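The primary structure of each chain is shown beneath.
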Amino acid sequence: MTRMNKELADIMKEAYGPCGGFRCVCGQKGVLWNPKPEPEKTREMNIPRGFYGATGEKSDVKLVLVLAEPGKPDKEEWKYYNDKDLSDKILSDPDKLLEAHNNYVTFRNGGVFHENIRYIVKGCFGKNIEEVKNNIWITETVLCSVPGRSSTGPMTREVEDECGKRYLKKQYDLFKNAFWVAAGRKAERRLKLLEIPSRQYTYIYHPSCRPIYKIAAKKSWDDLAKVFKKWGNI
């Protein structure tokens, strides 16, 4: 397995304790630890997830791409965490679950979202995402999916605050010298709520924005690539 940066791993592995938020604010709002639901209830699976990268030194991370929260798990994700060779080992060890997730995510699962993530990263570095895994950190403002059937519904302010303070603010403190990007208005709003100065990040359209915004979205991603390359002297 490719190891995540140790300082970052120490921040993130709290999420797999399981996270203390499940026992207070988040649990009260219906966000629950549920790593192994019944097969017919795949989309009810929930563990903190949605992040990728930072497999080198802290100083290697040049680009931080911030999303809103992970969508509902698909059948492949459910099967991965319930694989007989993985589940018992990784679900009992936060370190192993953390690494299992970071290695599972490849943004190759198909669909517009994954394609556009890869497009954004390649635009910035001129290389495929796997080639710059140590130079990027892709994360979520909230690490759990929205409870209920919808994957795009609102998350309560209490959950946003709880997760942001537990994880995202610490990630910011670790990588504040990197180039930060808010992907979508929800991510942008949550960064503001954490009082992360707007001058510290750039806004782009979300990688899965509606087709009506396709032209504007692509322009925002291409503009990001130009600014990032100038910033990083790439």
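Keep in mind that this is a model prediction, so the values were computed, not measured.

Peer 1: Outline the sheet that holds strand β4 (residues 179-183), supporting the account with residue identities and numerical values.
Peer 2: An order of β1-β3-β2-β4-β5 is seen for the five strands of this open sheet, with the pairing classed as mixed. Taken across any chain shown, the strands that pair with only one partner, and hence form the sheet edges, are β1 (52-53) and β5 (201-204). Two elements, strand β2 (residues 63-67) and strand β3 (residues 136-140), share five bridges in a ladder whose sense is parallel. Bridging across to β3, L65 finds its partner in I138. Where helix α6 (residues 111-125) meets the sheet, it contacts β2, β3 and β5, and its direction lies at approximately 155 degrees from that of β2. Running at roughly 170 degrees to β4, helix α9 (residues 214-232) makes contact with β2, β4 and β5 of the sheet.

Peer 1: Describe the pairing of β4, and please don't skip the residues or the numbers.
Peer 2: Most of β4 is tucked away, with five of its five residues classed as buried. On β4, burial covers both faces: F179, V181 and A183 on one face and W180 and A182 on the other are all buried. As judged from the four bridges shared by β2 and β4, these two strands associate in the parallel manner. Each bridged residue has a counterpart across the sheet, and for V64 the counterpart in β4 is W180. Where β4 and β5 come together, four bridges link them in parallel fashion. From the neighbouring strand, V181 faces β5, where its bridge partner is T202.

Peer 1: A description of the packing of aromatic side chains should follow, citing residues and the corresponding values.
Peer 2: Taken as a whole and judged by the stated rule, the model has 13 aromatic pairs. Their ring planes at 90 degrees and their centres at 5.5 Å tell us that F179 and F228 sit as a pair that is edge-to-face. Here F179, found in strand β4, pairs with F228, found in helix α9; they are 49 residues apart in sequence, far enough to count as distant. Grouping residues by exposure puts F179 and F228 together as buried. In this structure an aromatic cluster arises from ring pairing among F125, F179, F228 and W231. Note that R185 overlies the ring of Y203, its terminal NZ or CZ placed 3.6 Å from the centroid.

What counts, and where the lines are drawn
Residues numbered from 1 in each chain as written. Predicted model: local features only at pLDDT ≥ 70, side-chain atom pairs only at ≥ 80, totals over all residues. Heavy atoms only, no water. Pairing = 2+ DSSP bridges. Helix = DSSP H or I, 4+ residues; strand = E, 2+ residues; numbered from the N terminus. Contact = heavy atoms within 4.5 Å. Axes fitted to C-alpha atoms, helices over the stretch in contact; angles between N-to-C directions. Buried < 20%, exposed > 50% of the residue type's maximum accessible area, 1.4 Å probe, protein only. Phe/Tyr/Trp six-rings, centres within 6.5 Å; stacked < 30°, edge-to-face > 60°. Lys NZ or Arg CZ within 6 Å of the ring centre and 35° of its normal.

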